[in-house]
Amino acid sequence: MEIIQLTGNKAEFSNYVNDPIVLKENSQVCLNKASFSIPVMVNRDIFFPKADIGIVNYDTTFFYVLLNGIEKPVTYQNFYDAYDALDLLANPTIAEFYSGVFNTYVDNLAIYEDDADTDFDIPTFSDIVSKACDTLFNYYEFFTQNKTEITNLGAYEQNVNFTIGGNNITKIKDNRSITEFGIIAQYEPRKMSELTPSSITWTAGQVNNFTPTTDSISAIDGDPAMAVSPNTFDPNGGYIAMTPTLAAGKSAVGILFMGKGHDDPLNITGVYQPENIDVGIEFSLDTAQPIFQIIDGHQHFQYSHAGGIVEINTSHYAPANPIFTFDSASDKFWFLVRKGRPMNGTTQFTTTIIQGPGPTPQDVNNRIIYVAQTTLNSSQIQITTLAYSEGLGNSFDNWEYIPVSDDSKAEDDYLLSPTTDRDGIQGAQIFQIQPNIDNTNYENERTFWDNIGISQMQFNLNVIQGTNKGWNASMSWELPKNIEKSFWIGTKSFGDIIAPEITFAILPNYSSSLKVSNIPREINVSIMDLPINPNVGSFIGASNQYDTGNINKVINYIQTDSSQLDLDQNGTLDYVYEAFNLVYRKMKNQQKIPITQMKVKLSYKDFISNKEQLIPTMEGIVKLEILFD
């Protein structure tokens, strides 16, 4: 028996035999031991739905997002627009995006660097959902919080050379796979505060002893005057603003929290009653210096007088005395309201009062002068603005406000009966993604949602349900294990699995010779080009020399471990083999064979093409031990 041990770092290699051996006639060969690893790139094949089945209508609803009573349909157009805004590298048209071959990447997400050292990334499904929702929702921001794993097989940074969307990509780095999708919805009233405000147009029906002039009201004389704004503003980051002019006496302006749906008009009379204001400002004069105090709620007093009980209501002022100053007819004041956290069935509203010359509340020249907190039994409120004057020449000018958004109307109605037949809209603590399956495209859309982890069954639509903390919410879900996958055998270079002919997007190279649909179940171990000396024969009348050729023979098949037949992400197929019973294969050599060099090859058979496939790259060292007898 002769033993040869071979080592290499490729799937096909040769070793010289330092101590040559000679095989006897009709030798047999056996693979005794083997140890090697094959790198495999994995891509879960999830494709955005093919939307061109039947009549193309990109305004069809793709899915719904429900959040705290607000329901938003996300159309195919909305979803594509969100992708297009995020992806600065690729530039597919909407028809290409919904062609049925555009990949929803969950594996092999990477950073792409071009020749100008600009980095690009691939938007994920949750990125696109977050962007679409961020655009559609008025005062929520959405963020992606996916869980990922680094799946580099080779170097962290790999050099490539291809063009995507006009960008010459020279490097790919930070390869990673998603293990869990995550989306966060964060209450962000700043979005409302940054909108362009609308002007208030005053009319005579909203004032008493004020003269209305477009967006201004001016006291007619020194008698008490009252005005009620015709417009309410959004309680989720909206505001109302005005510029006060104080010429004499006093004036006051502020907001009153009222129950939503209060349609009866307020009694507008010639009185000066700032104690009606929940949060506001009272202006006065100290000699010629305009000063003011903050009104933060009310105080109720009872005392005995002349044998009876006297009750009075007065404003609660901060500070106790008017020491704040302002520039009359110049400084503007904003009352900006947002919801605080709900507690024990109540809702807290925060009113930020801003003062300054700047045209918007965000201007750097403005300053926050007070923050008030008002606790109410319900979030179903509307905000009314009151103004009072007790002095000739006093006025409030340049009125502006942020109108109530549709989202605020829907969210504040979450306890009322739903106006549609959709379940769940009446619940506040809801964050859902609910697919909208079109009957004409049912199987196509269902496959997508099944693969993305929101499994669907006919006539029974499943949803992804999140959890809420106050007005914020989050959701997460794992990807299913049984997604159809593609495998690229024998590579650890990301550039090998990118389709080089596609210039508008990053798509997997499904036409690559390395790509298979299933992990090979066995690896062939072969000896190659083992030389045989010519055989010489003779017969009557002539002599003949004939060559049997070199020996190329599969000497064993090493089975792939069943646990590795369905890799979830980039990795290696690891093979460790040792013969339990020696099984020899006949070499059928008719003469002795001297061996000074041994060549071997590892390969597998692609049963779809029925061809032998070579393995271009191995991971680490290949070790083989071969026995001859």
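A.B. asks: Talk me through the pairing of strand 17 (residues 239–245); I want residue IDs and the actual numbers.
C.D. replies: Counting buried positions along strand 17 yields 7 of 7 residues, so the element is predominantly enclosed. The alternating pattern of strand 17 places Tyr239, Ala241, Thr243 and Thr245 on one face and Ile240, Met242 and Pro244 on the opposite face, and all of these are buried. Here strand 17 pairs with strand 23 (residues 332–343) via 4 bridges, running antiparallel. Looking at the pairing, Met242 lines up with Phe333 of strand 23. Pairing analysis gives 5 bridges linking strand 17 to strand 27 (residues 395–401), with the strands arranged antiparallel. Across the sheet, the residue bridging to Ala241 is Glu400, located in strand 27.

A.B. asks: Describe the confidence of the model for the protein chain, and please don't skip the residues or the numbers.
C.D. replies: Close inspection of predicted coordinates is inappropriate for parts of the model with low pLDDT. Of the residues in the protein chain, 90% reach a pLDDT of 70 or more, and the chain-wide mean stands at 86. Predicted confidence for residues 534–547 stays below pLDDT 50, and this span has 17 contacts to residues more than four positions away or in other chains.

A.B. asks: How would you explain helix 3 (residues 125–136) if you had to name every residue and give the values?
C.D. replies: Taking 1.5 Å of rise per residue, the 12 residues of helix 3 would be expected to cover 16 Å, and the 17 Å separating its terminal C-alpha atoms lies within 8% of that figure. Taken together, the buried positions of helix 3 are occupied by Phe125, Ser126, Ile128, Val129, Ser130, Ala132 and Cys133.

A.B. asks: I'd like a rundown of the environment of Ser315, residues and numbers included.
C.D. replies: Secondary-structure assignment places Ser315 in strand 21 (residues 308–318). Note: C-alpha distance between Ser315 and Ile277 (38 residues apart in sequence) is 7.8 Å. The residues touching Ser315, leaving out its near neighbours within four places in the chain, are Pro274, Glu275, Ile295, Gly297, His298 and Gln299. Looking at Ser315, its side chain comes within polar contact range of the main-chain oxygen of Pro274, at 3.4 Å. At 3.4 Å, the side chain of Ser315 forms a polar contact with the backbone nitrogen of Glu275.

A.B. asks: Mind laying out the environment of Asp234, listing which residues take part and the relevant values?
C.D. replies: By the secondary structure assignment, Asp234 is in the loop between strand 16 (225–228) and strand 17. You can call Asp234 buried: its relative accessible area is 0%. Expressed as a C-alpha distance, the spacing of Asp234 and Pro403, which sit 169 residues apart in the sequence, is 5.6 Å. When sequence neighbours within four positions are dropped, the list of residues in contact with Asp234 reads Met192, Tyr239, Val337, Ile402, Pro403, Val404, Ser405 and Ser408. Within the local environment of Asp234, its side chain forms a polar contact with the backbone nitrogen of Asn236, the two atoms lying 2.7 Å apart.

About the criteria used
Residues numbered from 1 in each chain as written. Predicted model: local features only at pLDDT ≥ 70, side-chain atom pairs only at ≥ 80, totals over all residues. Heavy atoms only, no water. Buried < 20%, exposed > 50% of the residue type's maximum accessible area, 1.4 Å probe, protein only. Helix = DSSP H or I, 4+ residues; strand = E, 2+ residues; numbered from the N terminus. Pairing = 2+ DSSP bridges. pLDDT = per-residue confidence, 0-100. Contact = heavy atoms within 4.5 Å. Expected span 1.5 Å × (residues − 1). Polar contact = N/O pair within 3.5 Å; in protein donor to acceptor, adjacent residues only side chain to side chain.

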